[in-house]
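Notes for the structure review
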Amino acid sequence: MKAHALHATVTALLAGDKGLLAMDESTPTCNKRFAALGIAQTEESRRSWRELLITTPDLSNSISGAILYDETIHQSRQDGTPFVKLMADAGIVVGIKVDTGAKALAGHPGESVTEGLDGLRDRLTGYAALGARFAKWRAVIAIDAALPSTACIAANAHALARYAALCQEAGLVPIVEPEVLMTGDHTLQRCAEVTEQVLHEVFEQLHVQRVLLEALLLKPNMVLPGLTCAHQESVDEVADATVTTLLRAVPAAVPGIAFLSGGQSPELASARLNAMNRRFKGRAPWALTFSFARAIQQPALDIWRGEPGNVQQAQRALQQRAACNRAARQGKYADLADAAD
Ligand code: 13P
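Residues numbered from 1 in each chain as written. Predicted model: local features only at pLDDT ≥ 70, side-chain atom pairs only at ≥ 80, totals over all residues. Heavy atoms only, no water.

**Description of the packing of helix α8 (residues 188–208) against helix α9 (residues 235–249)**
Heads up, the condition is: Axis definition: a line fitted to C-alpha atoms, limited for helices to the stretch in contact. Angles are taken between N-to-C directions and run from 0 to 180 degrees. By the criteria applied, helices consist of DSSP H or I runs no shorter than four residues and strands consist of E runs no shorter than two, each listed in order from the N terminus. Throughout this description, any angle smaller than 35 degrees is read as roughly parallel, any larger than 145 degrees as roughly antiparallel, any in the 65 to 115 degree range as roughly perpendicular, and the remainder as oblique. Crossing handedness follows the turn of the near helix against the far one: under a right angle anticlockwise gives a left-handed crossing, and clockwise gives a right-handed one. For this analysis, residues touch if any pair of their heavy atoms sits within 4.5 Å. Three categories are distinguished: nonpolar for Ala, Val, Leu, Ile, Met, Phe, Trp, Tyr, Cys and Pro, charged for Asp, Glu, Lys and Arg, and polar for the others, with Gly belonging to the last.
It is the contact of α8 with α9, at a shortest axis distance of 9 Å, that shows an interaxial angle of 25°. Our classification of the angle between α8 and α9 gives roughly parallel. α9 is crossed by α8, and the crossing has right-handed handedness. Listed contacts from α9 to Leu188, Ala192, Thr195, Glu196, Leu199, His200 and Phe203 of α8 are Val238, Ala241, Thr245, Leu246, Arg248 and Ala249. Looking at the contact of α8 with α9 residue by residue, the classes come out as 8 nonpolar, 3 polar and 2 charged.

**Observations regarding the sheet that holds strand β8 (residues 217–218)**
Pairing between the strands of a sheet is mediated by backbone hydrogen bonds and can be parallel or antiparallel. So the rule is basically this: The pairing criterion is simple: DSSP has to find at least two bridges between the two strands.
The 8 strands are arranged β1-β2-β3-β6-β7-β8-β9-β10 in a closed barrel whose pairing can be described as parallel. Pairing of strand β1 (residues 19–22) with strand β2 (residues 63–68) involves 4 bridges; the strand directions are parallel. In the sheet register, Leu21 faces β2, and the bridge partner there is Ala66. Against the sheet, helix α10 (residues 266–279) makes contact with β9 (256–259) and β10 (287–292), and its axis sits at roughly 170° relative to β10, the strand it touches most.

**Describing the site of the ligand**
Basically, it comes down to this: Here a residue is considered near a molecule or strand provided that any single heavy atom belonging to it is located within 4 Å of it. Whenever two N or O atoms come within 3.5 Å, that pair is a polar contact, provided that in protein one can donate a hydrogen and the other can accept it, and provided that, for residues adjacent in sequence, both atoms are side-chain atoms. Using a 1.4 Å probe, the Shrake-Rupley method yields the accessible areas, and only the shown protein chains count as cover for residues.
Close to the ligand lie 13 residues, the nearest being Lys136, Lys219, Ser261, Gly262 and Arg294. Between the ligand and the protein, one listed contact pairs an oxygen atom with a side-chain N or O atom of Lys136 at 2.4 Å. Here an oxygen atom of the ligand sits 2.6 Å away from a polar atom, N or O, in the main chain of Gly262. Compared with its free state, where it exposes 300 Å², the ligand has 92% of that area covered by protein. Elements that contribute at least two residues to the shell around the ligand include exactly β6 (134–141) and β10. Residues that form the shell around the ligand fall into these classes: 4 nonpolar, 3 polar and 6 charged.

**With respect to the environment of Ile141**
What counts, and what does not: Exposure is judged per residue with a 1.4 Å probe applied to protein chains only, and the accessible area is read against the type maximum: over 50% gives exposed, under 20% gives buried, and values in between give partly exposed.
Relative to the helices and strands, Ile141 is located in strand β6. Owing to a relative accessible area of 1%, Ile141 belongs among the buried residues under this scheme. With 29 residues separating them along the chain, Ile141 and Ser112 place their C-alpha atoms 7.4 Å apart. Filtering out sequence-adjacent residues up to four positions away, Ile141 remains in contact with Pro148, Cys152, Asn156, Glu179, Val180, Leu181, Val194 and Val198.

**Comments concerning the pairing of strand β3 (residues 93–97)**
Counting buried residues in β3 gives 5 out of 5 residues, a clear majority hidden from the surface. Every second residue of β3 is oriented toward a common face, with Val93, Gly95 and Lys97 on one face and Val94 and Ile96 on the other, all of them buried. Two elements, β2 and β3, share 4 bridges in a ladder whose sense is parallel. If you follow Ala66 over to β3, its bridge partner there is Val94. As paired strands, β3 and β6 are joined by 3 bridges and run parallel to one another. For Lys97, the partnering residue across the bridge sits in β6 and is Lys136.

**Digging into the pattern of salt bridges**
Charged atoms that come close allow side chains of opposite charge to pair. Just so we agree on the cut-off: In the sections that follow, a salt bridge refers to a side-chain nitrogen of Lys or Arg positioned within 4 Å of a carboxyl oxygen of Asp or Glu.
Scanning the entire structure with this criterion turns up 20 salt bridges. For the salt bridge of Asp89 with Lys85, the shortest nitrogen-to-oxygen distance reads 2.8 Å. Residue Asp89 and its partner Lys85 are both found in helix α5 (residues 83–90); the two are separated by 4 residues, about one turn of the helix. For Asp89, a relative accessible area of 56% corresponds to the exposed category. Of the charged contacts in the structure, one is a salt bridge between Arg190 and Glu193, with a shortest N-O distance of 3.6 Å. In this pair, Arg190 and Glu193 both sit in helix α8, 3 residues apart, roughly one turn of the helix. Relative accessible area serves as the criterion here: at 42%, Glu193 is assigned to the partly exposed category. Salt bridges sharing common partners tie together Asp24, Lys136, Arg138, Glu177 and Glu179.

Shown next as structure tokens:
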């Protein structure tokens, strides 16, 4: 195992109170976000959007690494400079989504298992040769009165652990992402129970597969009430429930926890991360950071709408969200008024 390289990558990803920009939407997901805003769903539109993100001035002040999709890692700026070179020049570590998506789990209606293990060793070697230093795999866990099933949790945890072991063998830091969804009317307490159960199984499987905990990042959901739950807890209550759950299930050897945003508004995602860092300063054994997609991209996408004339203003919105989230890592988000938009 290339332990030295893995540690160097983890250190770079967590340095300077920065976080990750997830820009690894699959083509169907990216097209869905474009369709909602009337943006053309073409390869050139997706390239232009990713160029806007990557070429945002001073992005590396707040962003240490960005997660790309297969299409994007092969793309270039309009003048032909590869995106991976632009990122290297800016000091942004290249990451790559390597799962091939969540597919229906046989015999378990409403549940999925994430696929992509077949051929993964060779794909990881190829991505490393292109310049990738870390990877991502997302497992999806739905909650309702009867879900999740034991089978869903077990299948996804096993796949995450086998993916993580293959990543470390290839010298890539695995981002291990078990996402318990916000969809539904479940309570925060129920989300806490399910999240804890899922994390216990994930870390059991990581142990079984001999994954080095010091050389991975966990990308979990925050512990939240379902989107349609009548009672929505305060920012501080969410922060306390989230960190309490993680303290029960995530070994202290893990260097960092980089949250997904999962459909939270940009402001709430930042405020909740900020509250965690403020309230647990000096008590949490891992860095608490961000790996947001929607909560960091959406304001910029709403401005851009596919119009070249909107690029600079959209880039300013991305800079602003990135800076807010860096401040949230320091527990200083309230100091950076969103009104500065
Ligand atoms: P969101 O922040 O939009 O949940 O996306 C994070 C991510 O990478 C999903 O896999």
